Amino acid sequence: QVQLVESGGGLVQAGGSLRLSCAASGRTFSTSAMGWFRQAPGKEREFVAGISASGGKTLYADSVKGRFTISRDNAKKTVYLQMNSLKPEDTAVYYCAGWTIPLVTTTPPRDWGQGTQVTVSS
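Since the structure is predicted, the reported quantities are computational estimates derived from the model, not experimental observations.

(A) Seen up close, the pattern of salt bridges. On inspection of all chains with the given rule, the structure shows 5 salt bridges. Between Asp 62 and Lys 65 there is a salt bridge whose closest N-O contact spans 3.2 Å. In this structure, the salt-bridge partner of Asp 111 is Arg 110, at a minimum N-O distance of 3.0 Å. By relative accessible area, which is 39% here, Arg 110 ends up partly exposed. One network of salt bridges, with partners in common, ties together Arg 38, Glu 46, Arg 67 and Asp 90.

Structure, rendered in structure tokens:
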């Protein structure tokens, strides 16, 4: 099992930026696809972005394309989510997640962090 710890959430005005980080423990980080999900109040958890184990392939939800960038540093066992041009509708708890395989798939990730709150004020 891999432990994931998110950081970097907070309160920001619309149009601002935040960078989320997710530090992972365990030996399998460099062979695991990673991703970010979010859950807004009263809504289901949704996929935001994913990145392959090598970092060579990334996927984004349509709602964040062009504004968010996912990246990873396998040496530091850390995955990042750079969020620019934030909107009030981006307000949610953001979760880091990890798959047990190198590519992002539609199957639910096995490993989850505890979440970090992102609030965007208008």
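(B) Broad picture of the environment of Ile 51. Position of Ile 51 among the secondary structure elements: in strand 5 (residues 46-51). Since its relative accessible area comes to 3%, Ile 51 is described here as buried. Separated by 19 residues in sequence, Ile 51 and Ser 32 place their C-alpha atoms 9.1 Å apart. Beyond its immediate chain neighbours, meaning those up to four positions away, Ile 51 contacts Ala 33, Met 34, Lys 57, Thr 58, Ile 70, Ser 71, Arg 72, Val 79 and Val 104.

(C) How the structure looks around the state of the cysteines. Across all of its chains, the model carries 1 disulfide by this definition. Shown here is the disulfide that connects Cys 22 with Cys 96, its sulfur atoms set 2.1 Å apart. An S-S torsion of about -80° defines the bridge between Cys 22 and Cys 96 as left-handed. Here Cys 96 lies in strand 9 (residues 92-98) and Cys 22 lies in strand 3 (residues 18-24), a separation of 74 residues in the sequence. The residues Cys 22 and Cys 96 share a single accessibility class, namely buried.

(D) Quick look at the sheet that holds strand 7 (residues 68-73). Strand order in the open sheet formed by 4 strands is 1-3-8-7, with antiparallel pairing between adjacent strands. The open sheet has two edge strands, strand 1 (4-7) and strand 7, and neither has a second partner. Pairs of neighbouring strands in the sheet enclose a mean axial angle of 15°, with direction left out of account. In this sheet, strand 8 (residues 78-83) lies alongside strand 7 in antiparallel orientation, the contact comprising 6 bridges. Paired with Thr 69 across the bridge in strand 8 is Gln 82.

Calculation criteria
Residues numbered from 1 in each chain as written. Predicted model: local features only at pLDDT ≥ 70, side-chain atom pairs only at ≥ 80, totals over all residues. Heavy atoms only, no water. Salt bridge = Lys/Arg side-chain N within 4 Å of Asp/Glu carboxyl O. Buried < 20%, exposed > 50% of the residue type's maximum accessible area, 1.4 Å probe, protein only. Helix = DSSP H or I, 4+ residues; strand = E, 2+ residues; numbered from the N terminus. Contact = heavy atoms within 4.5 Å. Disulfide = S-S within 2.5 Å. Pairing = 2+ DSSP bridges. Axes fitted to C-alpha atoms, helices over the stretch in contact; angles between N-to-C directions.

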